[in-house]
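Chains, contacts and geometry: an overview
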Amino acid sequence: MFELLEQRSSWGSFLLQQALSLIIGLLLLIVLMLCSAFIPGMTFVLSEVNKSDVAGFLLLVGISFSAGYQIQARWPSSYFAGRWVWVVPVAIWTSSFLTDLARGPFREVITWYFDSSYTDNERLTLVFGTIPMLSACSYATGLWVRFQRDRKCTSEKNRLHGSG
């Protein structure tokens with residue numbers, strides 16, 4: 001299955017990385033839900049966003065970034081297809097956000113997308129909108145950072161060997 005990542009640019013590599021970036025977010029969501037069920041007091045309110053939400057978003061961004069970085073380190077050609085995994089989730093999130101913004105006040109819409117204390121349909125925007133969008137963007141950023149690092153190291157090696 002991961003042989004697809006070695007292909008420089010293919011739909012298979014793109015789809016695999018798209019799924020991987022989204023699965024990371026959903027797995028983290030399940031872990032955070034389990035933690036909030038077993039750890040009392042995870043819902044102290046900080047203005048309108050829970051501290052656990054902020055920690056969860058930071059954890060999601062960190063894990064997704066690290067996954068992209070490590071995938072690029074293991075399969076250097078994965079960048080060429082994986083750098084676009086953010087496009088679909090961002091397009092879906094943006095269209096959904098703008099539609100909801102037309103329905104309600106800005107403060108309320110923001111809480112729908114970033115506050116997990118809702119139990120109605122608004123919580124679905126967090127689960128199926130914000131989390132996949134953040135996960136895919138962080139994953140693609142991790143790929144890009146590692147790609148830039150490798151490219152810089154390669155050009156540095158070429159410069160050193162060319163002048164010797």
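Every residue gets a number counted from 1 within its own chain, in the order that chain's sequence is written. Thresholds applied to this predicted model are a pLDDT of at least 70 for local features of residues and 80 or more for the giving and counting of side-chain atom pairs; totals over whole chains, interfaces and linings are not thresholded and use all residues. Hydrogens and water are ignored here; the side-chain numbers use all heavy atoms of the structure.

Helix and strand definitions follow DSSP, with helices as H or I runs of at least four residues and strands as E runs of at least two, each counted in order from the N terminus. Each helix and strand in the protein chain was counted, giving six helices and two strands. Starting at the N terminus and ending at the C terminus, the protein chain contains elements arranged as α-β-β-α-α-α-α-α. In this description, contact between two residues means that some pair of their heavy atoms is separated by no more than 4.5 Å. Across the protein chain, every contact between residues at least 6 apart in sequence was considered, and the portion connecting residues at least 24 apart equals 72%. To measure how exposed things are, a 1.4 Å probe is used in the Shrake-Rupley method; for residues, cover is taken only from the protein chains shown. Summing over all exposed atoms, the protein chain offers an accessible surface of approximately 9,900 Å²; the carbon and sulfur share of this is 69%.

Any two packed helices are characterised by how steeply their axes cross, that is the angle between the axes, and by the distance between the axes. Fitted lines through C-alpha atoms give the axes, limited to the stretch in contact for helices. The angle between two N-to-C directions lies from 0 to 180 degrees. Between helix 4 (residues 87-103) and helix 5 (residues 106-114), whose axes approach to 9 Å, the crossing angle comes to 145 degrees. Classified by chirality, the crossing of helix 5 by helix 4 is right-handed. Taking contact as the criterion, the partners of Trp93, Ser96, Phe97, Asp100, Leu101 and Arg103 in helix 4 are, on helix 5, Phe106, Val109, Ile110, Trp112, Tyr113 and Phe114. Taken together, the residues of the contact of helix 4 with helix 5 sort by class into nine nonpolar, one polar and two charged. In this scheme, a crossing is called left-handed if the near helix is turned counterclockwise away from the far one by less than a right angle; it is called right-handed if the turn is clockwise. Classification used: nonpolar for Ala, Val, Leu, Ile, Met, Phe, Trp, Tyr, Cys and Pro, charged for Asp, Glu, Lys and Arg, polar for all others including Gly.

Okay, the nonpolar core next. Residues belong to a common nonpolar core when they are buried Ala, Val, Leu, Ile, Met, Phe, Trp, Tyr or Cys residues joined through side-chain atoms within 4.5 Å. For the exposure calls, accessible area comes from a 1.4 Å probe over protein chains only, and a residue counts as buried if that area is under 20% of its type's maximum, exposed if over 50%, partly exposed in between. Grouped together as the largest cluster of nonpolar side chains are 14 residues, with contacts concentrated most on Leu60, Trp93, Phe97, Val109, Tyr113, Ile131 and Leu134. Those elements that provide at least two residues to this core are helix 1 (11-38), helix 2 (51-74), helix 4, helix 5 and helix 6 (122-163). The dominant element in this core, judged by the number of residues it contributes, is helix 6, at five residues. Among all residues touching Trp93, those that are not within four sequence positions of it are Tyr113, Phe114, Gly129, Thr130 and Met133. One finds Trp75, Val85, Tyr139 and Phe147 within the second-largest nonpolar core, a separate group that totals 13 residues.

What follows is about a nonpolar patch on the surface. A surface patch of nonpolar side chains, amounting to about 450 Å² of accessible area, comprises Trp84, Trp86, Val87, Val88 and Ile92. Within the secondary structure layout, Val88 lies in helix 4. Residues with no salt bridge and a relative accessible area higher than 30% make up the patches, which join like charges within 9 Å and nonpolar side chains (Val, Leu, Ile, Met, Phe, Trp, Tyr) within 5 Å. We define a salt bridge as a side-chain nitrogen of Lys or Arg found within 4 Å of a carboxyl oxygen belonging to Asp or Glu.

With that settled, consider the environment of Ala81. The topology assignment puts Ala81 in helix 3 (residues 79-82). Judged by relative accessible area, Ala81 falls into the buried class, the value being 4%.

With that settled, consider the packing of aromatic side chains. Each Phe, Tyr or Trp ring, with Trp reduced to its six-membered ring, pairs with another whose centre is within 6.5 Å; inter-plane angles below 30 degrees give stacked pairs, above 60 give edge-to-face pairs, and intermediate values give tilted ones. Throughout the structure, instances matching the rule amount to 10 aromatic pairs. On the basis of an interplanar angle of 80 degrees and a centroid distance of 5.8 Å, the ring pair of Phe57 and Phe114 is categorised as edge-to-face. Here the residue Phe57 occupies a position in helix 2, and Phe114 occupies one in helix 5, the gap between them amounting to 57 residues. With a relative accessible area of 24%, Phe114 lands in the partly exposed category. Consider the rings of Tyr79 and Phe80, whose centres lie 5.7 Å apart with planes at 70 degrees: the pair is edge-to-face. When its relative accessible area of 8% is taken as the criterion, Tyr79 is described as buried. Owing to a relative accessible area of 17%, Phe80 belongs among the buried residues under this scheme. Taken together, the ring pairs connect Phe57, Trp93, Phe97, Phe106, Tyr113 and Phe114 into an aromatic cluster.

In short, shape yes, function no, at least from these values alone.
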